[in-house]
Amino acid sequence: SMWTLFLHSGYITIGKEKGKVKIPNEEVRRAYGKIIREAMKELEIENAMGYLLKGQKDKFEEVMRRVVRNQISYHNTREEGYHNFLLGMLSCYEGYRPKSNIEAGRGRLDIVAEYIKKREGLIIEIKVSKSEEGLEKRAKEAIEQIKEKRYRDYFGKEIRSIRLLGIAFHKKEMVCKYEEILI
């Protein structure tokens, strides 16, 4: 199978946990990143994340709407699906190191990423709405949760700005709320 080929050629290794594999080193991780970024260009995903990371919220939301409508199943109604989708998108963006479900401040945030060279941080909180009409409210709740639970405490002194993204989904629709904190 393909996985056996990857294992024997050194493109993946056996992890410490039973049934888990991992990327063996930084060189291979970069190679995978390059392959995935090329594929993502066709899907506009890299553009979407680039807009977000540059603080261009309106362009991010516009491209993300197209991506969600074209790539997410209408039957996806669980937060985990959207969470994994966004985490995967961010994982392929050069320079950022995303982490998922991290305890910080007074709670557990959905996605956090930092870019040490630029001294920037990103916190994403994801909500699912039961209706299209509730999207705006749920996105605002996500931003408020980030602030109230002090998720920004995750970052050390080297980070100078933190972007907050509250994003609410309902099937193939979404709304984003965005703020930036300068430290």
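Residues numbered from 1 in each chain as written. Predicted model: local features only at pLDDT ≥ 70, side-chain atom pairs only at ≥ 80, totals over all residues. Heavy atoms only, no water.

Points about the sheet that holds strand β3 (residues 97-104)
With mixed pairing, five strands are arranged side by side in an open sheet as β3-β4-β5-β6-β7. Each of the sheet's edge strands pairs with one partner strand only, and the pair in question is β3 and β7 (173-182). Taking the axes of each pair of neighbouring strands and ignoring which way they run, one obtains an average angle of 25° across the sheet. Here strand β5 (residues 120-128) runs beside strand β6 (residues 161-170); their pairing, made up of nine bridges, is parallel. Looking at β6, one finds that I123 is bridged to L164. In this fold helix α5 (residues 79-91) packs onto β3, β4 (107-115), β5 and β6, with an angle of close to 155° to the strand it touches most, β5. (Pairing = 2+ DSSP bridges. Helix = DSSP H or I, 4+ residues; strand = E, 2+ residues; numbered from the N terminus. Axes fitted to C-alpha atoms, helices over the stretch in contact; angles between N-to-C directions. Contact = heavy atoms within 4.5 Å.)

Focus on the nonpolar core
Within the largest apolar cluster, 30 residues are counted, with the highest numbers of intra-cluster contacts made by M64, L86, I124 and I167. Setting aside residues no more than four positions away along its own chain, M64 makes contact with A48, F85, L86, M89 and M174. Residues L109, V112, I143 and I159 belong to the second largest nonpolar core, which totals 12 residues. (Core = buried A, V, L, I, M, F, W, Y, C linked by side-chain atoms within 4.5 Å. Buried < 20%, exposed > 50% of the residue type's maximum accessible area, 1.4 Å probe, protein only.)

Notes on the pattern of salt bridges
The final tally for this structure, using the stated rule, is 13 salt bridges. As a salt-bridge pair, E173 and R69 come within 2.9 Å of each other at their nearest N and O atoms. Separated by 104 residues along the polypeptide, E173 in strand β7 and R69 in helix α4 (residues 57-71) bring together distant segments of the chain. For R69, a relative accessible area of 39% translates into the label partly exposed. Among the salt bridges present, the one from E141 reaches K137, with a minimum N-O distance of 3.9 Å. A residue pair is termed a helical-turn pair when its members lie 3 or 4 positions apart in one helix, as E141 and K137 do in helix α6 (residues 135-148) at four residues. If you follow the salt bridges from partner to partner, you end up with K57, E61 and R65 in one network. (Salt bridge = Lys/Arg side-chain N within 4 Å of Asp/Glu carboxyl O.)

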